[in-house]
Structures are given as C-alpha cells and as structure tokens.
Amino acid sequence: MYLSRIPLDLTKRKTLYALSSPSIFHGAIESSFAGERKRNLWRVDDLAQKKYLLLLSEERPDISSLEEQFSPEEANGVTKDYSPFLSRIERNSMWRFRLCANPIHSVMQDGKRGKKLAYTVETEQLSWLQRQAKKNGFLVSEDSVRVTRKQWYQFNKGNEKRRVRMLLVTYDGVLKVTDRELFVQALTSGIGREKAYGAGLLTLMHVENQ
C-alpha cells in the first residue's frame, strides 16, 4: 500500500472545479495508474491552512499528472510506503483519527428497503460513526469525536448525464483498536459508500502519552 499527498493550488481553475465536482479528481486519480483499474481511497484534506489531495492505493501511483493539473509549480507531492505503518497497529492501541465519510441510511418503500438518504442531523451522523466503528474493529468514545465539516456536492457522474448528490461529513477524534484485522481492513478498504468520490478514507496519528 502507498499513501500519497499532493498539494493543491487554489489559484488554478481546474483545482477549484475539481473541489466542487469530485468526479474530476476521481478521473485524474484513475489515470495515475497503469493496467487494470482498482478502487483507490482519496480525500481532500486541510492542514496548516493549505489543502492537499490524499491518496491511498495498492499500487504506487504516478503523481506527476496530478501535480501538473492541481499543484503549485514550486510544490511537489510525496508518496510513501504505507505497509510499515500498518504493521505497527496493535489491538488496544489508541490513535487520533480523521474520517471523511458519506453517512446514509435506507428508507422503506413498499415494504422494502429503497432510496438511500443522507443523515443530516449531527447526532445521527455521530451514531452512524459509532455503528461503523463496531463493524470495523474500533471504538470511539462520544466525548472524543466531533464533526468538523459538512458539505453537499452535486455533479454529473463522469461523462454520464446521471446527477450525483451526496453529503460528505468529516469526523475528527480519538479511537481505540479492538480488532486489528478488521481495523486494518477498514484502513485499506475504506468505510461507507461513495469511495470513488472522496469518501471512506480513515487516517491516523499517534496519541501522545497514551
């Protein structure tokens, strides 16, 4: 696995367009890999008042095209082997985390599960995260997590005329690993839906003095 971080230039028109239409980033990311297409995790991240494109992939990407399209001329992206980090994760370890996800639920139609709708109330969004945590090998205490961003997107899917409307919610907090195997699977495969469009990537930082 490889984790890449590409700085974004907010003075470029294409960058601004991609920030409002995630299908642009999706297409550009897929073009960074040769051969058979595989599902990659990505999201737009804020760090020190700058924006970056984070990309987690099974294969090492060629990020030169992403840099050419979206980065400042004087700034370069970086790609690191993610496997050594994954090997350090242990059961009962605690981490600061960030997750950008698409919290949704199905509503009943004619006695069957039908249309999928976004959770728009913060308490419901936090409850969704708690359920996902239990399924994916970690725990999040209620007082350690907060919703730090919510944003609706509407865009066309690739060259199709089908309109996509989705809500992305960013969570920040502290988690505890309860099942290492399930948790590593969540890190590498993502959590929830709309992974092609910038949702599902869970990233970690050490908790000091744990």
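Note: the structure precedes this text.
Definitions and limits used
- Residues numbered from 1 in each chain as written.
- Predicted model: local features only at pLDDT ≥ 70, side-chain atom pairs only at ≥ 80, totals over all residues.
- Heavy atoms only, no water.
- Helix = DSSP H or I, 4+ residues; strand = E, 2+ residues; numbered from the N terminus.
- Rg over C-alpha atoms; globule rule 2.2 N^0.38 Å.
- Contact = heavy atoms within 4.5 Å.
- Areas by Shrake-Rupley, 256 points an atom, 1.4 Å probe, with all protein chains shown as cover.
- Core = buried A, V, L, I, M, F, W, Y, C linked by side-chain atoms within 4.5 Å.
- Buried < 20%, exposed > 50% of the residue type's maximum accessible area, 1.4 Å probe, protein only.
- Salt bridge = Lys/Arg side-chain N within 4 Å of Asp/Glu carboxyl O.
- Phe/Tyr/Trp six-rings, centres within 6.5 Å; stacked < 30°, edge-to-face > 60°.
- Axes fitted to C-alpha atoms, helices over the stretch in contact; angles between N-to-C directions.
- Parallel < 35°, antiparallel > 145°, perpendicular 65-115°, else oblique.
- Nonpolar A, V, L, I, M, F, W, Y, C, P; charged D, E, K, R; others polar.
- Pairing = 2+ DSSP bridges.

Undergrad: Any details on the overall build of the chain? Residues and values, ideally.
TA: For the chain, the helix and strand inventory stands at 6 helices and 11 strands. Computed over its C-alpha atoms, the radius of gyration of the chain comes to 17 Å, within 12% of the 17 Å expected for a compact globule of 210 residues. Each principal axis of the C-alpha atoms in the chain carries an extent, and together these give about 50 × 40 × 35 Å. Intrachain contacts of the chain at a sequence separation of at least 6 include 70% that bridge at least 24 residues. Approximately 12200 Å² of the chain is accessible, and the part contributed by carbon and sulfur atoms is 46%.

Undergrad: Hey, could you go over the nonpolar core for me, with residue numbers and the actual values?
TA: Core analysis: the largest hydrophobic core is formed by 34 residues, its most contacted members being Ile89, Phe97, Tyr171, Leu175, Phe183, Leu202 and Leu204. Among all residues touching Leu202, those that are not within four sequence positions of it are Arg43, Tyr82, Phe97, Arg98, Leu99, Leu175, Phe183, Leu187 and Ile191. In terms of nonpolar packing, the next biggest core, distinct from the first, is built from 14 residues, Ile6, Ile29, Trp42 and Ile63 among them.

Undergrad: Just give me the short version of the pattern of salt bridges, but keep the residues and values in it.
TA: Taken as a whole, this structure holds 5 salt bridges when the rule is applied. Residue Lys51 is joined to Asp46 by a salt bridge in which the shortest nitrogen-to-oxygen separation is 2.8 Å. Residue Lys150 is joined to Glu122 by a salt bridge in which the shortest nitrogen-to-oxygen separation is 3.6 Å. Residue Lys150 is located in strand β9 (residues 146-156), and its partner Glu122 is located in helix α5 (residues 122-135); the two are separated by 28 residues in the primary sequence. A relative accessible area of 40% places Lys150 in the partly exposed class.

Undergrad: I'd like a rundown of the packing of aromatic side chains, residues and numbers included.
TA: A complete count under the given rule lists 7 aromatic pairs for this structure. Relative to Tyr171, the ring of Trp128 has its centre 6.3 Å away and its plane inclined at 15 degrees; by these criteria the two rings are stacked. Residue Trp128 is located in helix α5, and its partner Tyr171 is located in strand β10 (residues 163-177); the two are separated by 43 residues in the primary sequence. We classify Trp128 as buried; its relative accessible area is 5%.

Undergrad: So what about the packing of helix α1 (residues 13-20) against helix α2 (residues 22-30)? Which residues, and what values?
TA: Their axes nearest at 5 Å, the elements α1 and α2 cross at an angle of 110 degrees. The orientation of α1 relative to α2 falls into the category roughly perpendicular. Residues Lys14, Tyr17, Ala18, Leu19 and Ser20 of α1 lie in contact with α2, whose contacting residues are Pro22, Ile24 and Phe25. Here the residues of the contact of α1 with α2 sort into 6 nonpolar, 1 polar and 1 charged.

Undergrad: Go over α2, please, and point to the residues and values.
TA: Those residues of α2 lying buried are Pro22, Ser23, Phe25, Ala28, Ile29 and Glu30. Where α2 is buried, its residues meet α1, β2 (41-47), β3 (50-57), α3 (64-70), β9 and β10.

Undergrad: How would you explain the sheet that holds strand β1 (residues 2-7) if you had to name every residue and give the values?
TA: Strand order across the open sheet formed by 4 strands is β2-β3-β1-β4, with antiparallel pairing between neighbours. At either end of the open sheet lies a strand with only one pairing partner, and these are β2 and β4 (78-81). Across this sheet, the average inter-strand angle for adjacent strands is 20 degrees, counted without regard to direction. Inspection of the sheet shows β2 paired to β3 by 7 bridges, in the antiparallel sense. Counted as the bridge partner of Asp45 is Tyr52 from β3. Helix-sheet contacts for α2 involve β2 and β3, and the interaxial angle to β2 is about 120 degrees.

Undergrad: Give a description of the environment of Ile6 that names residues and reports values.
TA: Inspection of the secondary structure puts Ile6 in strand β1. Residue Ile6 is classed as buried on the basis of its relative accessible area of 0%. Separated by 122 residues in the primary sequence, Ile6 and Trp128 have C-alpha atoms spaced 30 Å apart. Setting aside its immediate chain neighbours within four residues, Ile6 contacts Tyr52, Leu53, Ile63, Leu66, Glu67, Ser71 and Gly77.

Any functional reading would require information beyond the geometric quantities listed.
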